[in-house]
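# Summary of the model geometry
Okay, here's what each chain looks like letter by letter:
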Amino acid sequence: MVIDDHPLFCDALSMTLRAVLEVQTVKTAECLKGALERLAEGLSPDIIFLDLNLPDVNGLDGLLRLINAAPSVPVIVVSSMSEPRIIASAIRAGARGFIPKHSQRSVFREAFDAISAGEVFVPEGLYMPDESAAPENEQEAAMARLSSLTNQQARILNLICEGKLNKQIAYDLSIAETTVKAHVTAIMRKLRVQSRTQAVLIAQEARFSSIAQGEGGGY
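These numbers come from a predicted model, not from an experiment.

Along its length, the protein chain carries 11 helices and five strands. With 219 residues in all, the protein chain has 49% of them scored as buried. Carbon and sulfur atoms form 49% of the exposed surface of the protein chain, whose accessible area is close to 10900 Å².

Written out as structure tokens, the structure is:
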């Protein structure tokens, strides 16, 4: 499955996957919500290629939610950025590979082979983070905590970041307010914070706007 909101790139990548990897079927989604809905309906792709800059995604939130929704499916980030901090954060958040959008077709073949062999893929010449190393900064520490949230908890945290109260969140997600309260308690426990405000600060710490500060360029 390819998740990208640019139709031309989405079509080009689909053609590349069919030609290079001999993939028979490529499903596409132009936003994270659409991809999550297809997964919830039973779609079970062998691999997912994810653009980080989607209209309904803020930073690495989409990657975390996608991994929680389909934990057994490897996700490769395909991005126009290739800064070391971006790559390191994506890999530590659970991506199985990172491919710059300008890469040659052969790179996708290399990525598929590496992931099939149980490896994490980053093209030669780009920074490969040490997965066993401790987080280097507050952003990476925040990302490590956020990666422990379930998909529902991640959605609720996003709504908390928007300033919504438990009653509003319950209405938006069509669940009971008591269920929201239970999720909020679990979120604060996993993030090791004592208040909703602290949880929001943790989430903001992991945004790409913080991770990529000073790097410039678009997603």
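Moving on to the packing of aromatic side chains. For any two aromatic rings, the description comes down to two numbers: the centre-to-centre distance and the angle of the planes. Scanning all chains against the criterion turns up one aromatic pair. Relative to phenylalanine 108, the ring of phenylalanine 49 lies with its centre 6.0 Å away and its plane at 55°, an arrangement referred to as tilted. Of this pair, phenylalanine 49 sits in strand 3 (residues 48-50) while phenylalanine 108 sits in helix 5 (residues 105-116), and the two are 59 residues apart along the sequence. Residue class for phenylalanine 49 comes out buried when judged on its relative accessible area of 2%. For phenylalanine 108, a relative accessible area of 5% corresponds to the buried category. Its guanidinium or amino end placed over the ring of phenylalanine 9, lysine 101 lies 4.5 Å from that ring's centre, counting from NZ or CZ.

What follows deals with the layout of surface pockets. When its volume is computed, the second largest pocket comes out at roughly 270 Å³. Lining the second largest pocket are 16 residues; nearest its centre among them are Met1, Val23, Thr25, Asp46 and Ile47. Residues that form the lining of the second largest pocket fall into these classes: 11 nonpolar, three polar and two charged.

Of all nine residues in helix 3 (residues 61-69), seven are buried, a share of seventy percent or more. Those residues of helix 3 not exposed but buried are Asp61, Gly62, Leu63, Leu64, Arg65, Leu66 and Ile67.

What counts, and where the lines are drawn
- Residues numbered from 1 in each chain as written.
- Predicted model: local features only at pLDDT ≥ 70, side-chain atom pairs only at ≥ 80, totals over all residues.
- Heavy atoms only, no water.
- Helix = DSSP H or I, 4+ residues; strand = E, 2+ residues; numbered from the N terminus.
- Buried < 20%, exposed > 50% of the residue type's maximum accessible area, 1.4 Å probe, protein only.
- Areas by Shrake-Rupley, 256 points an atom, 1.4 Å probe, with all protein chains shown as cover.
- Phe/Tyr/Trp six-rings, centres within 6.5 Å; stacked < 30°, edge-to-face > 60°.
- Lys NZ or Arg CZ within 6 Å of the ring centre and 35° of its normal.
- 1 Å grid on protein atoms, 1.4 Å probe; cavity = no way out; pocket = protein on both sides within 12 Å on 5 of 7 lines; lining within 4 Å.
- Points joined across faces, edges and corners; volume = space filled by probe spheres on them.
- Nonpolar A, V, L, I, M, F, W, Y, C, P; charged D, E, K, R; others polar.

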